[in-house]
Amino acid sequence: MAVPKRRTSKQRKRKRRTHHKAQDTAHQACPNCGDPKRPHRVCVTCGHYAAREVVRIEDF
């Protein structure tokens, strides 16, 4: 069985893990109101999805 001769340093370990990070969430402009929204989800500002109103948003 292979055993490491030396301990892996913190620096080497952290260099290897630089790509293990959370990615930014994607956003796109809502075609109805123009506010940023997540793709394939109902817009929280106007309640539209795929050019039709899905959720009625009450103005307070």
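Above: the structure in question.
Description of the structure in this document. The shown structure was predicted, so the numbers you read here are calculated from the model rather than taken from an experiment.

What follows covers the overall build of the protein chain. Helix and strand content of the protein chain: one helix and four strands. In the protein chain, the succession of α and β elements from N to C terminus is α-β-β-β-β. Computed over its C-alpha atoms, the radius of gyration of the protein chain comes to 23 Å, more than 25% above the 10 Å expected for a compact globule of 60 residues. Sorting the 60 residues of the protein chain into buried and exposed places 10% on the buried side. In the protein chain, of all internal contacts separated by at least 6 residues, the share reaching a separation of at least 24 is 0%. Accessible surface computed for the protein chain: about 6200 Å², of which carbon and sulfur atoms make up 49%. Of the side chains in the protein chain, 16 bear a positive and 5 a negative charge, and the two mean positions are spaced by 34 Å.

On to the environment of Glu58. Along the chain, Glu58 turns up in the segment after β4 (52-53). Distance in space between the C-alpha atoms of Glu58 and Gly47 is 9.8 Å, their sequence separation being 11 residues.

A contiguous patch of positive charge on the surface is contributed by Arg12, Lys15, Arg16 and Arg17. Along the chain, Lys15 falls in helix α1 (residues 10-16).

Parameters at a glance
Residues numbered from 1 in each chain as written. Predicted model: local features only at pLDDT ≥ 70, side-chain atom pairs only at ≥ 80, totals over all residues. Heavy atoms only, no water. Helix = DSSP H or I, 4+ residues; strand = E, 2+ residues; numbered from the N terminus. Rg over C-alpha atoms; globule rule 2.2 N^0.38 Å. Buried < 20%, exposed > 50% of the residue type's maximum accessible area, 1.4 Å probe, protein only. Contact = heavy atoms within 4.5 Å. Areas by Shrake-Rupley, 256 points an atom, 1.4 Å probe, with all protein chains shown as cover. Lys, Arg positive; Asp, Glu negative; His and termini not counted. Charge placed at Lys NZ, Arg CZ, Asp CG, Glu CD. Patch = residues over 30% accessible without salt bridge, like charges linked within 9 Å, V, L, I, M, F, W, Y side chains within 5 Å. Salt bridge = Lys/Arg side-chain N within 4 Å of Asp/Glu carboxyl O.

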